[in-house]
Amino acid sequence: MSTPNHKTRRLSVLLITPEVSRRSDLMIVGEARPSVSDPAHVDFAELLSACNYTFDIVAPEDIAPELFGDSGSVKYSSVVLAVPMRGLSDAALSVVRQVSYELGISLVAAYDCPDNRSAAWFGIERFNGKRMLWPLKAKIIRWPNADGTACVADYGLASGFAGVRRRGLRKLSLKQTLTKGMSLISSLKMPYKRTARAPKTRILSTTMRGEPLAWSYEFGDATNYYFALHGDFFLDKYNEMHRLVRSAINANSGHGMVCADLDQTMVWRLDDPGASKAEYLDDGCLLTEKEWRELGILLEEERTPLSVMYTPGWVDDGNHRSGEVFIDDKLLTERTPGAVRDSARVKYVFSDRHKPPHDHVSEFCGLETLVKKGVVDVHSHGLTHLTPDRERWAAAADKGTDTRWYTEFYCTREDRAVSAEDQTAAMTKSKDKIENLFGTPVAVLTPSSHRHDHGSDALAQAAGYKLFSADYTGIIKGDVLVRNWKIPALMIYFKEPSTSIVKAGYPLLGVVHDYEVKTSLEQFRRVLRRWMAAGIKRCVSLNSLAASLCSQIDASYSAKDAKMEVRITLPAATRPSRLPMPRVAADILIKIVVPPGYSYTGESIDVSGGNLVSMEKPAQNTINMSVRAADAKSVRIVIPVRQSQSNMVSSSDGRNRDLLILR
Ligand SMILES: [Zn+2]
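Scoring rules and cut-offs
Residues numbered from 1 in each chain as written. Predicted model: local features only at pLDDT ≥ 70, side-chain atom pairs only at ≥ 80, totals over all residues. Helix = DSSP H or I, 4+ residues; strand = E, 2+ residues; numbered from the N terminus. Rg over C-alpha atoms; globule rule 2.2 N^0.38 Å. Buried ≥ 20, exposed ≤ 12 C-beta atoms within 10 Å, placed from the backbone. Contact = placed C-beta atoms within 7 Å. Core = buried A, V, L, I, M, F, W, Y, C linked by C-beta atoms within 7 Å. Domains from an automatic or database assignment. Pairing = 2+ DSSP bridges. Axes fitted to C-alpha atoms, helices over the stretch in contact; angles between N-to-C directions. Parallel < 35°, antiparallel > 145°, perpendicular 65-115°, else oblique. Left-handed = near helix turned anticlockwise from the far one by under 90°. Nonpolar A, V, L, I, M, F, W, Y, C, P; charged D, E, K, R; others polar. Expected span 1.5 Å × (residues − 1). Arc of directions from axis to C-beta.

This next bit is on the overall build of the protein chain. Within the protein chain, the regular secondary structure consists of 14 helices and 45 strands. On C-alpha atoms alone, the protein chain measures out to a radius of gyration of 26 Å, which is about the 26 Å that the 2.2 N^0.38 rule sets for 663 residues. Projected onto its principal axes, the C-alpha coordinates of the protein chain cover approximately 85 × 55 × 45 Å. Across the 663 residues in the protein chain, those meeting the buried criterion constitute 49%. Sequence separation of at least 24 residues holds for 76% of the intrachain contacts in the protein chain that already meet a minimum separation of 6.

By size, the foremost hydrophobic cluster in this structure holds 175 residues, and its most contacted members are L15, L81, L229, L467 and I592. It is helix α1 (residues 40–50) that provides the largest number of residues to this core, a total of seven residues. Residues contacting I592, with those up to four places away along its chain left out, are V258, M564, V566, I623, M625 and I639. In this structure, W314, Y348, W393 and A394 belong to the second largest nonpolar core, which totals ten residues.

As a further point, take the domain arrangement of the protein chain. The domain boundaries assigned to the protein chain delineate domain 1 (4–259), domain 2 (265–453 + 486–540) and domain 3 (552–660). The C-alpha-based centres of domain 2 and domain 3 are spaced at 36 Å.

Let's shift gears to the sheet that holds strand β10 (residues 137–140). The strand order β5-β2-β7-β8-β16-β15-β14-β10-β11 describes an open sheet built from nine strands, whose pairing is mixed. Both outer strands of the open sheet, β5 (55–58) and β11 (151–154), are each paired with one neighbouring strand and no more. Across this sheet, the average inter-strand angle for adjacent strands is 20 degrees, counted without regard to direction. The pairing of strand β7 (residues 78–81) with strand β8 (residues 106–110) spans four bridges and is parallel. Considered in β8, the bridge of V80 is made with V108. Together, β2 (13–16), β5, β7 and β8 form the strand contacts of α1, whose direction differs from that of β2 by roughly 160 degrees. Sitting on the sheet, helix α2 (residues 90–101) is in contact with β7, β8, β15 (212–219) and β16 (222–227), with an inclination near 120 degrees to β16.

Helix packing geometry: the angle between the two helix axes and the distance between the axes. Helix α7 (residues 360–373) packs onto helix α6 (residues 289–301) with a crossing angle of 25 degrees between their chain directions and a minimal axis gap of 7 Å. Between α6 and α7, the crossing angle belongs to the class labelled roughly parallel. Handedness of the crossing formed by α6 with α7: right-handed. In this structure, α6 contributes E289, E291, W292, R293 and G296 to the contact, and α7 contributes S362, C365, G366, L367, T369, L370 and K373. Taken together, the residues of the contact of α6 with α7 sort by class into four nonpolar, four polar and four charged.

Let's shift gears to the pairing of strand β21 (residues 323–327). Note that β21 and strand β24 (residues 346–350) share five bridges and pair antiparallel. Its bridge partner being in β24, I327 is matched across the sheet by V346. Direction of pairing for β21 relative to strand β22 (residues 330–331): antiparallel, over a ladder of two bridges. Bridge pairing in β22 links F326 to L331. In this structure, the hairpin formed by β21 and β22 is closed by a connection of two residues, where D328 is found at a positive phi of approximately 50 degrees.

Here the focus is the environment of F350. Looking at where F350 falls in the secondary structure, it is placed in strand β24. Each C-alpha atom, one on F350 and one on I185, is 51 Å from the other, the two residues being 165 residues apart in sequence. Sequence-distant contacts of F350, defined by excluding residues within four places in its chain, comprise G323, K355 and P357.

This next bit is on unusual backbone geometry. The residue after W134, namely P135, is reached through a cis peptide bond having omega -5 degrees. Its location among the elements puts P135 in the loop between β9 (124–132) and β10. Here the phi dihedral of H450 falls at roughly 55 degrees; this positive angle occurs in a residue that is not glycine. Within the secondary structure, H450 sits in the loop between β29 (444–445) and α10 (456–462). The class of H450 is partly exposed, set by 18 C-beta atoms lying within 10 Å.

Bringing α2 into the picture now. The end-to-end C-alpha distance of α2 is 16 Å, a good match for the 16 Å that twelve residues give at a rise of 1.5 Å each. Considered for burial, the residues of α2 that qualify are V96, V99 and S100. Each buried residue of α2 lies within a common arc of 100 degrees when the element is viewed along its axis, so the set occupies one face. Across α2 from its buried face, at more than 90 degrees, point the exposed residues D90 and A91. Here the buried face of α2 lies against β7, β8, β15 and β16.

We now examine the sheet that holds β24. Spatially, four strands are ordered β22-β21-β24-β25 in an open sheet, and the strand pairing comes out antiparallel. Either end of the sheet is taken by a strand with one partner, and the two such strands are β22 and β25 (358–359).

Residue placement: F227 occurs in strand β16. In this structure, the C-alpha to C-alpha distance between F227 and A546, residues 319 residues apart in sequence, is 31 Å. Among residues more than four places away in sequence, those in contact with F227 are A110, L213, A214 and F234.

In terms of burial, strand β32 (residues 480–484) is a largely internal element, four of the five residues being buried. Direction of pairing for strand β31 (residues 473–477) relative to β32: antiparallel, over a ladder of five bridges. Counterpart to I475 in the pairing with β32 is V482. Between β31 and β32, which pair antiparallel and follow one another directly, the connecting turn spans two residues, one of which, G478, has a positive phi of 60 degrees.

Spelled out as structure tokens, the structure:
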């Protein structure tokens, strides 16, 4: 008989959730417009997908022994229970107990998930009712994976925001305002369970008065983790508690873990080049070739890549009196209201001679140079940035002032959805056109003004996009779409930096527009630096973010062979690009957690199918690396490990960091 430790173990997570919605063959987790607070399973799916943990989702009624392994291998390192276990049958419950106790699969649960039948698996002897958390803070005193320091996680009001609103409220409808208000009020009530615990629980977190809020417990071959905080709320705000959960998943029962390393990472997204609203909206403008060049110098100086969301379709309003249109420098005499032209070929000369001509050709050339240099990657901001009802727009008297005309994937003026056919056509054409223009694959779609309906992200998936970057980040991986509100895109010119998102360990997208950057490059530099000062460690491109979030990471650990094996498969799009590799490198940023008690032997790490770009050892049992895939569709990494000589506690204050930059 082979013991669990002689089996190969997949380093992955099973998430047990109530039913999730499916749209044909796509499983969708989360809401495009969430209600007051997210259910616990959505918070967990967001936390897992934001670090690209490999996870499967299963409903309680599908729990069966064969789900967890066979004679040669164990399929999971952790099970996250996001449903109350009182709903599980005795048979399902006994499977969960057995895989934890005998196969050493670590269980993670919160609040009222354990019932009387299962409480003892988490070291809970008795539930003693609930209390409100006050003050709204939790001390973290110990980290399961020794990857943090003692701190206080804040559940206060401000921790609900990734950035702090600076001036003016972005227009919110009455309904949105009420929902926001409700969610703020409900967020001030945070119940937790009081318990009596078994003697051997290891306390990880307490209230400010010292009452235990989270602990681990050795149960047979497993280490299980319990969080006494209310499941719907405890991962709702940005604070260190998210890191504690990740630390528990990384430590599991001691089998190691591999996931994406996107901690303290930011993407800078610049929207709107190519869009004809530069001509039609009062005060519209664009960046000239010279201004792009200056922006490129700034980006190199600040060591910051920039991801530009381009609009390849330019819409003609057919109005000779306001201005003349040149295509490839030739005057366009036949003007058709609502016709779509190629932005990259259009020059617009205003009849009002006080306004300088708008040259989208020069804009394109400036942008193309930066793409070739590798400073900028280009993705899609739709086809036209304008309502599909283009003829009505062209005839409208208020098209210079009413910004509601300029949303392509939602009819903002009439508050109704755009047909799926129109959305799909715009998404597909835009992707094809941008890929042909710049010669690089397009992986990300941003709907204009972040306006969209409940199905736009699924349509984007079908059109071949991997990320949907709106007010939330839609992460498309295989046949699962997670609407991840924990990776927000912030209109940076309206926000002051806050450190909350960095504390929680999520990546952040900062959105700027060409018209904001045009006003003052130095102001853009100051904005950039203010966010870096708020704890951002590095900036990466959307290409890197998409590769890190959407690649399939298959990792396994074999104690018998003393090695960890990682295979990273680049995402396969439903509509593959004809262009194989992006010019701006798609670096896959990964974190490898070596099983506790073991260490990386220092022998060379074998990377096949790609290049190791950099490697860092932030803690004794953690290796962060950046890998660039070569032409191969997958990268394979083998990490030899051996039992550590000393049981030295790793330092995580950064002083003893080993930094190895390989190239
Ligand atoms: Zn826009």
